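Each chain, written out:
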Amino acid sequence: MNFEFSEEQKMIRQAARDFSKKLEADVIERDYKAEYPAHHIKELAELGFLGMITSPEYGGGGMDSISYLLAMEEISRVDSAVAVIMSVHNSLVLAGLEKYGTEEQKRKYIPRMVTGEHIGAFLLSEPEAGSDATSQKTTAEDKGDYYLVNGTKNWITSGNTASVYIVIAQTHPEKRHHGINALIVDRHSPGISCGQHEDKMGMRSSDTHSVMFTDVKVPKENRIGEDGFGFTFAMKALEGGRISIAAQAVGIAQGAFERALSYSKERKAFGKFISEHQSIAFKLADMAVKIENARNLVLKAGWLKDNGKPYGMLSAMAKLYAADMALEVTSEAVQIHGGYGYVKEYHVERLMREAKLTQIYEGTSEIQKIVISRLLLRD
Amino acid sequence: MSKVIIFAENFDGKFKKATFEAVAYGAEIAEKTGGEAVAVSIGKVSNDELASLGDYGANKVLSITHEALEMLDARVYARVIAQAVEKEGADVLIFTVSNASKAIAPRVAVRLQAGMVYGASGLPTCFNPFTVPKKVFHGKAFADVVINSEKKVISLAQNSFGVVMNKKEAGIEQMDATIDTGLIRSKVINIEKSTGKVLLNDAEIIVSGGRGMKGPDRWKPLEELADTLGAALACSRPVSDEGWRSHTEHVGQTGKIVAPNLYLAFGISGAIQHLAGVSSSKVIVAVNTDKDAPIFASADYGIIGDVHTVLPRLNEALKKFKAEN
Amino acid sequence: MKILICISNVPDTTTKIKPTADQKAIDLANVQWIINPWDELALTRALELKDAAGSNIEKITVLTVGEKIVEPTLRKALAIGADDAVRVDAAPKDNFYTAFQIAEAVKGQSYDIILCGIESSDYNGSALGGMLAEFLDLPGISSVSKLDIEGDTVRVNREIAGGFEVVETETPFVAIVQKGIAKEPRIPSMRGIMMARTKPLNVVAPAPAEPLTSFVAYHSPKPKAACKMVDAENVEELINLLHNEAKII
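Thresholds applied
- Residues numbered from 1 in each chain as written.
- Chains lettered and ligands numbered in written order.
- Predicted model: local features only at pLDDT ≥ 70, side-chain atom pairs only at ≥ 80, totals over all residues.
- Heavy atoms only, no water.
- Helix = DSSP H or I, 4+ residues; strand = E, 2+ residues; numbered from the N terminus.
- Rg over C-alpha atoms; globule rule 2.2 N^0.38 Å.
- Buried < 20%, exposed > 50% of the residue type's maximum accessible area, 1.4 Å probe, protein only.
- Contact = heavy atoms within 4.5 Å.
- Areas by Shrake-Rupley, 256 points an atom, 1.4 Å probe, with all protein chains shown as cover.
- Lys, Arg positive; Asp, Glu negative; His and termini not counted.
- Charge placed at Lys NZ, Arg CZ, Asp CG, Glu CD.
- Buried area = accessible area lost by both parts, 1.4 Å probe.
- Salt bridge = Lys/Arg side-chain N within 4 Å of Asp/Glu carboxyl O.
- Pairing = 2+ DSSP bridges.
- Axes fitted to C-alpha atoms, helices over the stretch in contact; angles between N-to-C directions.
- Domains from an automatic or database assignment.
- Polar contact = N/O pair within 3.5 Å; in protein donor to acceptor, adjacent residues only side chain to side chain.
- 1 Å grid on protein atoms, 1.4 Å probe; cavity = no way out; pocket = protein on both sides within 12 Å on 5 of 7 lines; lining within 4 Å.
- Points joined across faces, edges and corners; volume = space filled by probe spheres on them.
- Core = buried A, V, L, I, M, F, W, Y, C linked by side-chain atoms within 4.5 Å.

A short note on the overall build of chain A
Scanning chain A from N- to C-terminus turns up 11 helices and nine strands. In terms of overall dimensions, chain A is globule-like: its C-alpha atoms have a radius of gyration of 21 Å, near the 21 Å expected for 379 residues. Seen through its C-alpha atoms, chain A measures out along the principal axes to roughly 80 × 45 × 35 Å. Across the 379 residues that make up chain A, the buried fraction comes to 56%.

Below, the structure is given as structure tokens:
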């Protein structure tokens, strides 16, 4: 069993790390002001991170999952908002299109997304349907050569800045979730409007909006897969996306841990550095174990995916464990910083706010437990 | 017995501290090995100025002037120096780490098939084998380097030996050098002198003020000190927070991280966050009224006193020192 | 125009540096290797020149003297944008030996500009570029903080005491470059990393040669001494200490 990264994977990780150093300069300010990281996303695109796992046939980097997950972790160490924009774009939209789209759909949408010219967004959640994704109230009425879309989507990352939406909507309510379709929708279609920018607890630099559809016409050829494939499509896309979010959680925890470790070696109390007090040293040890565990789950899930093996169990385990431990680790990091941990300048309070979201989105921790237990109890 | 040649670089006809230090270093090596130290000067330098090299131990000064040598061309200079080496039968060459020396010394080393140590941190610790100490990894470690060749080139790091006086009567000799101007393939089309302010990030000396300065209108003595030392100005966080100084001067964990040769902290208590920004300084000097101020734990030199009493005294004494040196 | 950049493989600048137990070497196990920062800036400048509109640069080559361990660093240089790489298969024993190897490897290759960083961040030498220029019997300009190409001539800023000279030079020549030559190093793009897989990395045998110097021992610096206190009435003593003891003014 080889636990070493290849030279190329190391190079990619280092490139992501070097890029993340640029994010550090203004991350606190952008989070505070909830300011979209436009110039950073531009550079992220120029470096090729917004198409890194897409096939070179469509202009992507064709990199493996491990490389991608390492890059996600590195960027999340500093700025999860940039990381989530990257994750949705790569793992949900691009990966979904590449796996299930027709050749025409791929050629039409992918090339301008891998350059970052068009950002992708994934529209599944609704005001009344989050975890219960089967209860789609957004409708996509079959009108012959087009679908008519009506409804509201919630919590959409890149809701306003995206150009390419994948919208999950109900076409045949009588078939329940077998009647759901996934449609590629141009964000600038008439009838689409974005609600205000959500004032979030964390990852505030990414633009999250509700999106309203009023009689939006979507050409039939924009449907992904067979009629009624939408729910399966969404679940499959999320299965891959959750590994990426797990990597994000690992990155958040790692970033907090490194800051806590460094602080503990500089801060003195009762005549010695706090790292020399066992209570703090033990906290650091616990944090390190959790992060190592989470990272290993993430990498194994990525390895299974790259090697064409079923990865549903591991991806859910990785997401569940990484998100839960990220909240624990970031909270401890704040604690280790004492009063300094409570103020913005020391980053850790922001990381803690960011960690919380990883337990909620792209499948709550509770949903991950449903996925895992169902797989365990299946036969 | 080592015949030592020192490249005595002049700047508009005058020698600087680094040149005197190199001569003193070379003279010491000559003395320790029962040899002689010859300073080689290229360019138009007055006899009085040339003779001053004797104060630092030069037994002789070779002066080479030629109009083709007005502009530095390392290829030409290297050949000229090699000729001097040949003429004097020298085996050890000393350079400084100036811009010109960096360009010339390696070329001379190749011409003479001489092993070269750049950035020597002190006298050779041993002459057989000829062993020269130097810093490596930006001072994180020290190394002993043996030069195995017959001829040896050493570029002396600044402030590694000291400008040590060693009065000798140095005879001045004019040397005719053979110069191939065909080697010159470049020309200087403009010269720009840099002005004024030293940037914090590049500064070798930083003068920094903290809360103990007591107010923005009391910064003049620091500015004066910075001027005398050619230093950049910095401040601690409370000072920039209060608006006494620009945030661009704020040095510390959440401000700029600096690594000057000399960091002078006036009225700064030395909180960890500030120290995190300056701990890579080579030498830290602190002035504070509080004997228990944490800064003294990180400083190399300290004065317990009121900054406003110490500063004027320091300014005056430094001006005097600069004038004498 | 063809440009060559001589790059050196060095430990990451945040590495903890300690001599080995026998003090004969620096402990380089578990070191993260990087391109020497000054060489990386030289490469960055070359790439900027190549990318510029109307550029006449057809090829950028990077070369290192080193054993197989340096290849990831060469691949990074390729990923950042160099066109091809050469590795002279020998440890860089000292500045003279390394410069000689490079000279032998590039003889007859007709590079128009050879770039070298002015210092290496490991052994802090500053001789390679000058030695190389002399071995190749080429003109060289050192302390270069700016480099521009105008047709067939090259214009550089050469630092001097208190300022800089603007120098125009013919090619071929060696430029020994320092801070200012480029703003910041490039991050390899994913495309660059992909292409690095297939760009040529040629390994050549070293020429027979011997180094003229050897590093025989290493020690850690002495631990920091306690603060030396000076009387407030006696500032001259402080100046004296700074001048004679610390040797810093």
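Regarding the overall build of chain C
Of the regular secondary structure elements, chain C holds six helices and 13 strands. Summarising its shape, the C-alpha atoms of chain C cover approximately 65 × 45 × 40 Å along the three principal directions. The buried share among the 249 residues of chain C stands at 56%. Of the contacts made within chain C by residues no fewer than 6 positions apart, 72% connect residues no fewer than 24 positions apart. For chain C, the exposed area adds up to about 10500 Å²; of that, 51% sits on carbon and sulfur atoms. Between the centroid of the 26 positive side chains of chain C and the centroid of its 34 negative side chains there is a distance of 7 Å.

Things to note about the interface of chain B and chain A
By a widespread convention, an interface's size corresponds to the accessible area lost as its parts come together. The partner chain A presents six residues to the five residues of chain B that form the contact. For the pair chain B and chain A, the summed buried surface comes to about 500 Å²; carbon and sulfur atoms form 42% of the total. In terms of surface lost to chain A, no three residues of chain B exceed Gln253(B), Ile272(B) and Gln273(B), which account for 69% of the buried area on that side. Run the count over chain B and chain A and you get one salt bridge. Across the salt bridge formed by Glu345(A) and Arg237(B), the nearest N and O atoms sit 2.7 Å from each other.

Digging into the sheet that holds strand E18 (residues 301–304) of chain B
As summarised here, the arrangement of the six strands in space is E15(B)-E14(B)-E16(B)-E17(B)-E18(B)-E13(C), forming an open sheet in which the pairing is parallel. Where the open sheet ends on each side, the last strands, each with one partner, are strand E15 (232–235) of chain B together with strand E13 (228–230) of chain C. The average angle at which neighbouring strand axes cross in this sheet is 20 degrees, direction not considered. When strand E14 (residues 205–209) of chain B meets strand E16 (residues 262–266) of chain B, the two strands line up parallel, connected through five bridges. Looking at E16(B), one finds that Ser208(B) is bridged to Ala265(B). The strands touched by helix H9 (residues 307–324) of chain B are E16, strand E17 (283–288) and E18 of chain B; relative to E16(B), the strand with the most contacts, the crossing angle is about 140 degrees. Packed onto the sheet, helix H6 (residues 235–245) of chain C meets E16, E17 and E18 of chain B together with E13 of chain C and runs at close to 175 degrees relative to E18(B).

Focus: the interface of chain C and chain B
Contact with chain C, which involves 76 residues of that partner, is made by 74 residues of chain B. Taking both sides of the interface into account, the surface hidden between chain C and chain B amounts to around 6700 Å²; carbon and sulfur atoms contribute 59%. Counting the surface chain C buries against chain B, the share from its top three residues, Glu134(C), Lys247(C) and Ile248(C), is 10%. The interface formed by chain C and chain B holds six salt bridges in total. Of the charged contacts in the structure, one is a salt bridge between Glu134(C) and Arg111(B), with a shortest N-O distance of 2.5 Å.

Thoughts on the sheet that holds strand E6 (residues 113–117) of chain C
Across the sheet, 10 strands lie side by side as E13(B)-E9(C)-E8(C)-E7(C)-E10(C)-E6(C)-E1(C)-E4(C)-E5(C)-E11(C); this open sheet has mixed pairing. Lying at the two open borders of the sheet, with one neighbouring strand each, are strand E13 (186–193) of chain B together with strand E11 (201–204) of chain C. Averaged over all pairs of adjacent strands, the angle between strand axes in this sheet comes to 30 degrees, irrespective of strand direction. In terms of strand pairing, strand E1 (residues 2–6) of chain C meets E6(C) through four bridges, oriented parallel.

Digging into the domain arrangement of chain A
All names here are of chain A. Along its sequence, chain A is organised into domain 1 (7–114), domain 2 (120–228) and domain 3 (232–377). For domain 1 and domain 2, the distance between their C-alpha centres works out to 22 Å. Contact residues are listed per partner, giving 21 residues for domain 1 and 20 residues for domain 2. Counting the surface lost from both domain 1 and domain 2, the interface buries some 1800 Å², and carbon and sulfur atoms represent 66% of this. At the junction of domain 1 and domain 2, the tally comes to zero salt bridges. Linking domain 1 with domain 2 are eight residue pairs in polar contact (both at pLDDT 80 or more). Listing elements by their share of the side of domain 1 that touches domain 2, those giving two or more residues are helix H2 (27–33), helix H5 (80–100) and helix H6 (103–114). Element by element, the count of residues in the side of domain 1 that touches domain 2 is highest for H5, at 10 residues.

Describing helix H4 (residues 128–135) of chain C
Residue and element names in this part refer to chain C. Here H4 lies mainly inside the structure; seven of its eight residues are buried. Of all the positions in H4, only Gly129, Gly130, Met131, Leu132, Ala133, Glu134 and Phe135 are classed as buried. Backbone geometry just downstream of H4 places aspartate 137 in the positive-phi region, at approximately 55 degrees.

Concerning the pattern of salt bridges
Within this structure, the stated rule accounts for 68 salt bridges over all chains. Beyond isolated ion pairs, a larger network of salt bridges with shared partners links Lys3(B), Glu36(B), Lys60(B), Lys87(B), Glu88(B) and Glu173(B).

Brief notes about the layout of surface pockets
All names here are of chain A. Size it by volume and the second largest pocket reaches roughly 1400 Å³. What lines the second largest pocket is a set of 50 residues, and nearest its centre among them are Leu238, Arg242, Glu362, Gly363 and Thr364. Elements with a minimum of two residues in the lining of the second largest pocket: H5, strand E3 (146–157), helix H7 (230–264), helix H9 (312–337), helix H10 (348–358) and helix H11 (365–377). The biggest single contributor to the lining of the second largest pocket is H7, with seven residues.

With respect to the nonpolar core
If you look at the biggest cluster of nonpolar residues, it comprises 148 residues, and the most contacted ones within it are Phe122(A) and Leu147(C). The biggest single contributor to this core is H7(A), with 17 residues. When sequence neighbours within four positions are dropped, the list of residues in contact with Leu147(C) reads Arg45(C), Leu49(C), Leu115(C), Val154(C), Arg155(C), Val156(C), Phe173(C), Ala175(C) and Ile181(C). Formed by 66 residues, the second largest nonpolar core is a distinct cluster that contains Ile104(B), Val110(B), Val106(C) and Leu132(C).

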